[in-house]
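Okay, here's what each chain looks like letter by letter:
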Amino acid sequence: MAVKVFATGVDTLGVAIGSAINLLDLDLVVIGGGLTEKLGQSLADRLAAAARPWMLQPSPDLRFVAAALGDDSGVVGAASLGRAALLAG
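So, how was this worked out
Residues numbered from 1 in each chain as written. Predicted model: local features only at pLDDT ≥ 70, side-chain atom pairs only at ≥ 80, totals over all residues. Heavy atoms only, no water. Helix = DSSP H or I, 4+ residues; strand = E, 2+ residues; numbered from the N terminus. Areas by Shrake-Rupley, 256 points an atom, 1.4 Å probe, with all protein chains shown as cover. Lys, Arg positive; Asp, Glu negative; His and termini not counted. Charge placed at Lys NZ, Arg CZ, Asp CG, Glu CD. Buried < 20%, exposed > 50% of the residue type's maximum accessible area, 1.4 Å probe, protein only. Pairing = 2+ DSSP bridges. Polar contact = N/O pair within 3.5 Å; in protein donor to acceptor, adjacent residues only side chain to side chain.

Notes on the overall build of the protein chain
Okay, so step 1: Each helix and strand in the protein chain was counted, giving four helices and two strands.
Okay, so step 2: Along the longest, intermediate and shortest principal axes, the C-alpha atoms of the protein chain span 45 × 30 × 20 Å.
Okay, so step 3: About 6200 Å² of surface is accessible on the protein chain, with carbon and sulfur atoms providing 64% of the total.
Okay, so step 4: Here the protein chain contributes 6 positive and 8 negative side-chain charges, whose respective centroids are spaced 5 Å apart.

Shown next, in the form of structure tokens:
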């Protein structure tokens, strides 16, 4: 059951990521979070395969990578935005 739920989640994220790529014409998709810490690049590769059928015209330069900061990516990004806001204002 867990494998089936995980596969459904990957397929669903593939639709969302493919749509975001169509909308934003991305060259890089960074996959982060707790599962990425455990599964690494293999999760990014599965999501790339799930997103590919939903892309209108995938760029040959498009890359899917696991976040280097793992589960801390969101915290580090939020801190960076907060710091930039303080320095700007």
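Focus: the pairing of strand 1 (residues 28-31)
Okay, so step 1: The alternating pattern of strand 1 places Val-29 and Ile-31 on a buried face, while none of Leu-28 and Val-30, on the opposite face, is buried.
Okay, so step 2: Where strand 1 meets strand 2 (residues 63-66), four bridges bridge the pair, whose relative direction is parallel. Paired with Val-30 across the two strands is Val-65, which belongs to strand 2.

So, the side chain of Thr-36
Okay, so step 1: For Thr-36, the location among the structural elements is in helix 2 (residues 34-39).
Okay, so step 2: Here Gly-32 takes part through its backbone oxygen, which lies 3.2 Å from a polar atom of the side chain of Thr-36.

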